[in-house]
Amino acid sequence: MSPSNSPRSDVSLTHPDRLYWPDEGVTKQGLADYYAAAWRFMAPYVVNRPLALLRLPDGIKGHQRFFQKHAWKGMNPHIEEIADPQDADGEKLLRIGDFDGLVALVQSAVLEIHPWGTTTGNWEQPDMITMDLDPGEDVAWNAVISAALEVKARLETRGLAAFVKTSGGKGLHVVAPLAPKAGWSEVKDFAHSLAESMSADAPDKYLATATKAKRGGHIYIDYLRNGRGNTAVAAYSTRARPGAPVSMPLDWEELSDVSGPAAFTLANVPQRLETRPKDPWGDFFEAAVPLE
DNA sequence: GGAACTT
DNA sequence: AAGTTCCAACGCCTC
DNA sequence: GAGGCG
Ligand SMILES: [Mn+2]
Ligand SMILES: [Mn+2]
C-alpha cells in the first residue's frame, strides 16, 4: 500500500535500522518514512526558511543533544548554506529546498526542525506569527485550549487569521499567517502587546514573562518566538521526547477532542494523514494578510 | 553524524 | 588506531 | 552585573 503522492529521495541513510526513539521502535528509516508521508503538507513550513536544528546522533536516549544553526563541515549537499543578509560575513545558516533536503536532515540525526517565521526570499518581512502557549505545572489541558481560543479571538480582532497546532511538548501554538509587509520589530511588538494584554486582563491565568518561579498554575504566552533569528518548532516536525510526538496542525473544531499536547505521534499521524478528508491548515497561506 | 584534533 | 571535542546565543526579565 | 529562561 503505497501512500498517495509520496516523494522519493536518493539520499542514502546509513544504518537505517538505528533506533532514534528506542522505546517506540522508531528508526532512522521510520523517521524518513514518516516525513515522506507528511511532506506534501509540511513542505511550505520548512522549505526556503532559515532553520535551527536539534540533533541527537544517538537517539533520544543517547547523551548527545545539540542545537545547530550554522553550517558544518561534511554537511550533506542537499542541506544548503545561506548567508544572513544582515551578517553577510558571519557563519552560514541552513536551509532546505526539497524533500532530499529533509531526508538529509534525517540522516544527520535531526529530530526537531525549528524554522524562522520567514522565507529567505523575503527575509526581513515575517510571513507568520507564532504565539507559543506554555503551561506551568498544574494547568489543566482545558485551560490551554481556552488560552488558544482567546489568542485566536484577539488575532481575529486585529484582522488576522489564526491556526492551531499541538507543540508536541507541553502546549499549543497559535499561528497567524502574514502577508510579508511588516518588519521584525513591528511583528514582535505586536506579539508582545497581545501577550501583555492577555496577562493584564487575566493575571491569574496568563504570564507574558518567562520567569519559571511564577509559572505554576499559569500559562506563559511566549511571544519571543517572533524576534529576528528566533524560531518555533515546525508544523509536522517530530519532537525529541518520549512517545515520538509531532507538532500537529489541527482544525479548531477538533481541538476540544484532542487529549493533550502530545496526542499525535509517529504511531498515529501517518494514518491520520491518509484518511483525513482535508488538510486543516490547507488555507494557511491564502489566509495571510499584512499586519497593519 | 562526522570532521578535526590529540594521544 | 583510538579517544575526545565540537556542534546557538541573544533579548528579556529578575534579583 | 550575574544568572535564568527559551
Ligand atoms: Mn556518534
Ligand atoms: Mn512551547
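Source: prediction; values computed, not measured.

Cut-offs used in this document
Residues numbered from 1 in each chain as written. Chains lettered and ligands numbered in written order. Predicted model: local features only at pLDDT ≥ 70, side-chain atom pairs only at ≥ 80, totals over all residues. Heavy atoms only, no water. Near = heavy atom within 4 Å. Polar contact = N/O pair within 3.5 Å; in protein donor to acceptor, adjacent residues only side chain to side chain. Nonpolar A, V, L, I, M, F, W, Y, C, P; charged D, E, K, R; others polar. Salt bridge = Lys/Arg side-chain N within 4 Å of Asp/Glu carboxyl O. Helix = DSSP H or I, 4+ residues; strand = E, 2+ residues; numbered from the N terminus. Buried < 20%, exposed > 50% of the residue type's maximum accessible area, 1.4 Å probe, protein only. Donors = N, O, S within 2.8 Å, 3.2 Å for Na, K, Ca; no water.

1. Thoughts on the protein's contact with DNA strand B
No. 1: Taken together, Arg18, Lys28, Arg55, Pro57, Gln64, Phe66, Lys73, Gly74, Gln107 and Ala109 form the complete shell of residues around DNA strand B.
No. 2: Atoms of DNA strand B within 4 Å of the protein belong to the sugar or the phosphate in 60% of instances, the rest to bases.
No. 3: Glutamine 64 is positioned with one of its side-chain polar atoms (N or O) 2.5 Å from a base oxygen of DNA strand B.
No. 4: Glutamine 107 places a side-chain nitrogen or oxygen 3.3 Å from a phosphate oxygen of DNA strand B.
No. 5: A breakdown of the residues in the surface near DNA strand B according to their chemical character gives 3 nonpolar, 3 polar and 4 charged.

2. A word on the pattern of salt bridges
No. 1: Under the defined criterion, the tally for this structure stands at 15 salt bridges.
No. 2: Between arginine 154 and aspartate 201 there is a salt bridge whose closest N-O contact spans 2.9 Å. Of this pair, arginine 154 sits in helix α3 (residues 141–157) while aspartate 201 sits in helix α4 (residues 184–201), and the two are 47 residues apart along the sequence.
No. 3: In this structure, glutamate 292 engages lysine 181 in a salt bridge whose closest nitrogen and oxygen atoms are separated by 2.8 Å. Of this pair, glutamate 292 sits in the segment after α5 (269–275) while lysine 181 sits in the loop between β10 (172–177) and α4, and the two are 111 residues apart along the sequence. Taken as a pair, glutamate 292 and lysine 181 share a single burial class, namely exposed.
No. 4: Each of Asp251, Glu254, Arg272, Arg276 and Lys278 takes part in salt bridges that share partners, so that together they form one network.

3. As for the protein's contact with DNA strand C
No. 1: Close to DNA strand C lie Gln64, Phe66, Phe67, Gln68, Lys69, His70, Lys188, Thr209, Thr211, Lys214, Tyr223 and Leu224, which account for all nearby residues.
No. 2: In the interface set of DNA strand C, defined as its atoms within 4 Å of the protein, sugar plus phosphate atoms amount to 68%.
No. 3: A distance of 3.0 Å is found between a base nitrogen of DNA strand C and a side-chain nitrogen or oxygen belonging to glutamine 64.
No. 4: Side-chain polar atom of histidine 70 to a phosphate oxygen of DNA strand C: 3.1 Å apart, as the coordinates give it.

4. Some thoughts on the coordination of the manganese ion (ligand 2)
No. 1: Taken together, Asp132 (OD), Asp132 (OD) and Asp134 (OD) make up the full set of protein donors to the manganese ion (ligand 2), lying 2.1 to 2.8 Å away.
No. 2: Aspartate 134 gets classed as partly exposed once you look at its relative accessible area, which sits at 22%.

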